[in-house]
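Overview (structure and organization)
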Amino acid sequence: MVFPVMYNLIIIVCRACFPDLQHGYLVAWLVLDYTSDLLYLLDIVVHFHTGFLEQGILVVDKGRISSRYVRTWSFLLDLASLAPTDLAYMRLGPHTPMLRLNRFLRAPRLFEAFDRTETRTAYPNAFRITKLMLYIFVVIHWNSCLYFALSQYLGFGRDAWVYPDPALPGFERLRRQYLYSFYFSTLILTTVGDTPLPAREEEYLFMVGDFLLAVMGFATIMGSMSSVIYNMNTADAAFYPDHALVKKYMKLQHVNRRLERRVIDWYQHLQINKKMTNEVAILQHLPERLRAEVAVSVHLSTLSRVQIFQNCEASLLEELVLKLQPQTYSPGEYVCRKGDIGREMYIIREGQLAVVADDGVTQYAVLGAGLYFGEISIINIKGNMSGNRRTANIKSLGYSDLFCLSKEDLREVLSEYPQAQAVMEEKGREILLKMNKLDVNAEAAEIALQEATESRLQGLDQQLDDLQTKFARLLAELESSALKIAYRIERLEWQTREWPMPEEPAEANDEGGSGEGTSKGGENRAGQEGTPGPE
C-alpha cells in the first residue's frame, strides 16, 4: 500500500495545481489512477483474510474475520476511499483530479506500513530520519502547489510575490514552474527569509499560515532529531560501557599514563569492533524461553566444542549457554597465572592466547578460536593432583574474546541434572588420566571415605527413624493415660453429686426465731439449688 497511497498524496495535488502537468500526461495519469484503485480494492480483499488475535490466540475463521472487519471504522474509511467519484468526469471532464481527494482516506495504511517497517528494520534510527525527511518533502510539496495555485488565482506577475508571468522567457516551462514554487515554499517554511514582501491580503494570510506551520514543523523536526540522537546514545550506552566515567576516575586517582592508555585502548577496541560485554543486561527484558533461544543461536556452537560438554543433554547446554559471560582481554594481559585458584573455565571465541613460562616470554603453545582451558578446575574430580589450582600461565597475544563459565553457575545447573554431572565427571577423569594428573590411590581412598561417610549417615538416619518411632509410641501411651484419668475424674464428680445432704448442728436451733427462720430459708435455698452443704 505504500506505492498507491504515496502516489495519491503527492501526485493528485500536483496535478490539480499545475494544469500543464494534468493535460500533458492524461493517459499516464488515468492508468496510474486505476492501478492504485485496483491495489486499494485488493487491500480490502486481504483484510477479509487477515487473522486477528483474541486473548492471545490467532483467529483464522473467515466468518469471524469478516464480521469483525465490517464493524470497524477502517472498513468504512476503505469503502469511502474507493467511492466512484470519477463518475463526475462525464460531467466535469477528465481534467479535474481533485475529484479523487477521497483516496487520501487510505493514509492510515501508509502510517501502519511505516510503523511495521520501523520495528523490523535493522536500522531503525536511519529509517526514522528518512521518514522525517519524507514528511518534510510532502509538506513543502503541498505548500509549493498551493503557492502556484494562489499565484494563478491572483494573477501571474501582478506583483513581486506571486509567480512571474509565464510569458517571460524561461518561466513557461513546467519544470521551472514547479522548481520555483518548491524553492519559494522551502524559503518560507524554513524561515530563511529572502522572500518578496506580500502586497495583498491573500498573500499575507498565506505567509502567516506558512510561518505558523514552520514554527510547528521546526519544533517537530527538533524533537524527532533529539529523540533519534537520544535513542542512539541510549543504545550505545546499553551495548558498550561508559568510558568517560572510567577516564574521569583515573584522572582523579592519578593513574599512570601507561595503564590509562591500556584502559582507553580497551574501550576503543570494544567501540570500533562492536564488542559487547553485557549481553545479559541487553536481553533481560525478553521472556526466559525466548532469551534462551537467542543465546543458543549465538553461543551453542561454541559451547558444544568443549569436550566435557559433548553428548550432554540439549536442555543442559541451553541452561549453560545462559550462564556464559563474554569477556575481552587486551594484548599482554594474563587470563590466569600458575597457582591461582580456578573458579571458572574459558572458551576462546576469537583471538589467540599463549601458554607461557613464568618469565612471560617463553611460549609453550598457542591456543586459538574454538579451544578451551580451565575446565578441570570447575569440576570436583576425586584424585585430582592439581586440585583447583591453575597449572599454567595463559596470556593474551592480541585482543581476545572469551566466554567465561564460573564454578557456581555450573554447579547450579548440574544440581538439576545428576546424570549429566556423572557423565562430565567421568570425562574429566579420562582427561586427567591422559595428563597423568589423577592419583588413583587417592581417588580410591576418597571414594572409600565417601562410602563410609554415606554408610554412617545411613546408620544415623536409621537410628533417627527408630527414635522417632519410639517417641510416637510414648506420645500415644501418654494420650491414652490422660484420657483414662480424665474419664475416672469425671466419674468421681458424678458420684459426689449423688451423696446425701448433711444435718445442721443442734446449736443452730437455740439462736431464736429469726435465726431459725434464716437457717431454714438458707437450707431451703440450698436444697433448691441442688448444692451439697459442707460435711
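Residues numbered from 1 in each chain as written. Predicted model: local features only at pLDDT ≥ 70, side-chain atom pairs only at ≥ 80, totals over all residues. Heavy atoms only, no water.

**Quick notes on the overall build of the chain**
Within the chain, the regular secondary structure consists of 19 helices and 10 strands. Buried positions account for 30% of the 535 residues belonging to the chain. Considering only intrachain contacts with a sequence separation of at least 6, the fraction spanning at least 24 residues in the chain is 70%. (Helix = DSSP H or I, 4+ residues; strand = E, 2+ residues; numbered from the N terminus. Buried < 20%, exposed > 50% of the residue type's maximum accessible area, 1.4 Å probe, protein only. Contact = heavy atoms within 4.5 Å.)

**Notes on helix α16 (residues 407–414)**
Within α16, burial applies to K407, D409, L410, V413 and L414. Each buried residue of α16 lies within a common arc of 165° when the element is viewed along its axis, so the set occupies one face. Those residues of α16 hidden inside the fold are in contact with α15 (314–321), β5 (344–350), β10 (400–406) and α17 (418–434). (Arc of directions from axis to C-beta.)

**Brief notes about unusual backbone geometry**
Even without being glycine, H254 reaches a positive phi, approximately 55°. Within the element layout of this structure, H254 appears in the loop between α11 (243–252) and α12 (257–272).

**Regarding the packing of aromatic side chains**
Taken as a whole and assessed by the stated rule, the structure comprises 27 aromatic pairs. Relative to F184, the ring of W161 lies with its centre 5.6 Å away and its plane at 90°, an arrangement referred to as edge-to-face. One end of the pair, W161, is in the loop between α8 (124–154) and α9 (174–189); the other, F184, is in helix α9, with 23 residues separating them in the sequence. Residues W161 and F206 carry aromatic rings whose centres are separated by 5.6 Å and whose planes lie at 75° to one another, so their mutual orientation is edge-to-face. Residue W161 is found in the loop between α8 and α9, and its partner F206 is found in helix α10 (residues 201–239); the two are separated by 45 residues along the sequence. Residue class for F206 comes out buried when judged on its relative accessible area of 12%. Each residue in the set F18, F137, F148, F156, Y163, F171, Y178, Y180 and F182 is aromatic and connected to the rest through ring pairs, giving one cluster. One cation-aromatic arrangement involves R176 over F171; the distance from NZ or CZ to the ring centre is 4.4 Å. Directly above the ring of Y334 sits R337, whose terminal nitrogen or CZ lies 3.7 Å from the centroid. (Phe/Tyr/Trp six-rings, centres within 6.5 Å; stacked < 30°, edge-to-face > 60°. Lys NZ or Arg CZ within 6 Å of the ring centre and 35° of its normal.)

**Describing the nonpolar core**
Nonpolar side chains in soluble globular proteins tend to end up buried together. Of all hydrophobic cores here, the largest spans 30 residues; its most connected members are F18, L110, C145, Y147, W161 and F206. Counting only elements with at least two residues in this core, the list comes to α1 (2–17), α3 (26–47), α7 (107–120), α8, α9 and α10. Of the residues forming this core, the biggest block, 9 residues, is contributed by α1. Here F206 is in contact with N143, L146, Y147, L150, W161 and I188, once residues within four sequence places are set aside. V306, Y372, I378 and L405 belong to the second-largest nonpolar core, a separate cluster that totals 23 residues. (Core = buried A, V, L, I, M, F, W, Y, C linked by side-chain atoms within 4.5 Å.)

**Let's talk about the pairing of strand β9 (residues 393–396)**
The side-chain alternation of β9 yields two buried faces, one formed by N393 and K395 and the other by I394 and S396. As paired strands, strand β4 (residues 334–336) and β9 are joined by 2 bridges and run antiparallel to one another. Pairing of C336 across the sheet is with I394, part of β9. The pairing of strand β6 (residues 353–356) with β9 spans 4 bridges and is classified as antiparallel. (Pairing = 2+ DSSP bridges.)

**Considerations on the UniProt feature "signal peptide" (unreviewed entry) in the chain**
The positions UniProt marks with the feature "signal peptide" (unreviewed entry) are residues 1–16. With 94% helix and 0% strand, residues 1–16 has its two end C-alpha atoms placed 23 Å apart. (UniProt positions renumbered as here; feature names shortened; annotations may be inferred.)

**Quick notes on the sheet that holds strand β7 (residues 363–367)**
Across the sheet, 4 strands lie side by side as β4-β9-β6-β7; this open sheet has antiparallel pairing. Of all strands in the sheet, those with a lone pairing partner are β4 and β7, marking the two edges. Within the sheet, the average angular offset between the axes of one strand and its neighbour, ignoring direction, is 30°. Two elements, β6 and β7, share 4 bridges in a ladder whose sense is antiparallel. Of the residues in β7, the one forming a bridge with V356 is Q363. (Axes fitted to C-alpha atoms, helices over the stretch in contact; angles between N-to-C directions.)

**Quick word on the pattern of salt bridges**
In the structure shown here, the tally under the stated rule is 20 salt bridges. Note that D33 and R100 form a salt bridge whose closest N and O atoms lie 3.7 Å from each other. Here D33, found in helix α3, pairs with R100, found in the loop between α6 (89–92) and α7; they are 67 residues apart in sequence, far enough to count as distant. Each member of the pair, D33 together with R100, is buried. For the salt bridge of E112 with R109, the shortest nitrogen-to-oxygen distance reads 2.9 Å. Here E112 pairs with R109, and both are found in helix α7, just 3 residues apart, close to one helical turn. Its relative accessible area of 28% is what places E112 among the partly exposed residues. A single network of salt bridges, built from pairs that share partners, joins R15, D33, D37, D86, R100 and R103. (Salt bridge = Lys/Arg side-chain N within 4 Å of Asp/Glu carboxyl O.)

**A short note on the sheet that holds β5**
The strand order across the open sheet built from 4 strands is β3-β10-β5-β8, with neighbouring strands paired in antiparallel fashion. Two strands in the sheet have a free side with no partner beyond their single neighbour: β3 (325–329) and β8 (372–373). Looking at chain direction, β5 and β8 are connected through 2 bridges and run antiparallel. Its bridge partner lying in β8, I347 is registered against Y372. Contacting β5 and β10, helix α14 (residues 288–303) crosses the sheet at an angle of about 105° to β5.

**What about the packing of α11 against α12?**
Taken N-terminus to C-terminus, the directions of α11 and α12 make an angle of 180°; their axes are 11 Å apart at the nearest point. The angle between α11 and α12 falls in the class roughly antiparallel. Here α11 contributes H243, V246, K247 and M250 to the contact with α12, which in turn contributes E260, V263, I264 and Y267. For the contact of α11 with α12, the class distribution of residues is 5 nonpolar, 1 polar and 2 charged. (Parallel < 35°, antiparallel > 145°, perpendicular 65-115°, else oblique. Nonpolar A, V, L, I, M, F, W, Y, C, P; charged D, E, K, R; others polar.)

**Brief notes about the side chain of S185**
Topologically, S185 is positioned in helix α9. Taking the relative accessible area as the measure of exposure, S185 reaches 0% and is therefore buried. In terms of polar contacts, S185 uses its side chain to reach the backbone carbonyl oxygen of I140, at 3.4 Å. Among residues more than four places away in sequence, those in contact with S185 are I140, N143 and S144. (Polar contact = N/O pair within 3.5 Å; in protein donor to acceptor, adjacent residues only side chain to side chain.)

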